[in-house]
Amino acid sequence: MPVPGGLANAPELPGQLPRPAPGKRVLDAVLAAVLLLLVTPLLAVTAVLVLVGLGRPVLFRQCRAGLHGQPFEVVKFRTMRPPSERRGPAGDGDRLTPLGRWLRATSLDELPTLWNVLRGDMSLVGPRPLLPEYLDRYSTHQARRHEVRPGVTGLAQVRGRNSLSWEDKLDLDVQYVDSRNLRLDLSILVATARTVLRREGITAAGSATAPEFLGTPRRPAPAQRDRTPA
């Protein structure tokens, strides 16, 4: 059934909402805590770079849709200039700085999301957290991506990232939901390191980041032939 404040406007999920495996949550929390300790110096250096290059705030915070569509606040390093009141609203390409492009290319902007994993908002591996505005744009099939916690990385991120169409990315998200296991998670984490080092699929064609998801066009029903006897 629809979840208040989450998938209320999205296509209804069939049956009872499934619960994620508890073992995965424990592993996520332990690994996130260890990783946060290991990358603390890198977090500090990146924070200084953002402070010098972009000013305050250092962190970017935005509402995203999480498990069962429930909203949470994702935390990343800021990569864009704020909209200018004098120049009016600008596109992502105009606001994205060279420093911001480098942070995105190296995925250093994602390091603070380990805090989201530690809090339980996210998992290390799962569908990427997207905007709540997309919830009522999913098909019933696509909405199943919210049966698990969103991830820092996922199957779509190692199969093409932003070079994929929205439909392909969402299909891979659901494929992950149906086939998830520890072995798959480990293979995605290893593949993520390779993707980051090669800097593959960072942006979509013709976009500085990724275009807005407007929903999957539904094919019109085939016209029925008139069977009325002549």
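What you see is a predicted model; the values in this text were computed from it and never measured.

With respect to the helices and strands, the residue Glu-147 is situated in the loop between β3 (123-125) and β4 (151-153). Here Arg-144 takes part through its side chain, which lies 2.8 Å from a polar atom of the side chain of Glu-147.

With 15 residues, helix α2 (residues 40-54) should cover 21 Å at 1.5 Å per step; its first-to-last C-alpha distance of 21 Å lies within 8% of that length. Listed in full, the buried residues belonging to α2 are Leu-43, Thr-46, Val-50 and Leu-54. Along the axis of α2, the buried positions cluster into a sector of 70°, meaning they face one direction only. Exposed and oriented more than 90 degrees from the buried face of α2 are Pro-41 and Val-52. Positive backbone phi, at 80°, marks Gly-55, one or two positions downstream of α2.

Okay, the confidence of the model for the protein chain next. Should the pLDDT be low somewhere, the predicted coordinates at that spot are not to be read in detail. Looking at the protein chain, the pLDDT average stands at 84 and 77% of residues meet or exceed 70. Counting contacts from residues 85-89, a segment whose pLDDT is below 50, to residues more than four positions away or on other chains yields zero contacts. Low confidence marks residues 226-230, where pLDDT is under 50. Its contacts with residues over four positions away, or in another chain, come to zero contacts.

Next up on the list: the packing of helix α1 (residues 22-38) against α2. The interhelical angle for the contact between α1 and α2, taken along N-to-C directions, is 60°, at an axis separation of 4 Å. With respect to their mutual orientation, α1 and α2 come out oblique. Together, Leu-36, Leu-37 and Leu-38 of α1 and Thr-40, Pro-41 and Leu-43 of α2 make up the contact between the two elements. When grouped by side-chain class, the residues that make up the contact of α1 with α2 number five nonpolar, one polar and no charged.

A few words on the layout of surface pockets. Vacant regions in the atomic arrangement are exposed by a probe of water-molecule size rolled over the atoms. Roughly 200 Å³ of internal volume is contained in the second largest pocket. Along its surface, the second largest pocket is lined by 14 residues, and Lys-24, Leu-27, Asn-181, Leu-182 and Asp-185 are the ones closest to its centre. For the lining of the second largest pocket, the secondary-structure elements that each account for two or more residues are α1, β3 and α8 (182-198). Tallied by class, the residues present in the lining of the second largest pocket amount to nine nonpolar, one polar and four charged.

Criteria and thresholds
Residues numbered from 1 in each chain as written. Predicted model: local features only at pLDDT ≥ 70, side-chain atom pairs only at ≥ 80, totals over all residues. Heavy atoms only, no water. Helix = DSSP H or I, 4+ residues; strand = E, 2+ residues; numbered from the N terminus. Polar contact = N/O pair within 3.5 Å; in protein donor to acceptor, adjacent residues only side chain to side chain. Expected span 1.5 Å × (residues − 1). Buried < 20%, exposed > 50% of the residue type's maximum accessible area, 1.4 Å probe, protein only. Arc of directions from axis to C-beta. pLDDT = per-residue confidence, 0-100. Contact = heavy atoms within 4.5 Å. Axes fitted to C-alpha atoms, helices over the stretch in contact; angles between N-to-C directions. Parallel < 35°, antiparallel > 145°, perpendicular 65-115°, else oblique. Nonpolar A, V, L, I, M, F, W, Y, C, P; charged D, E, K, R; others polar. 1 Å grid on protein atoms, 1.4 Å probe; cavity = no way out; pocket = protein on both sides within 12 Å on 5 of 7 lines; lining within 4 Å. Points joined across faces, edges and corners; volume = space filled by probe spheres on them.

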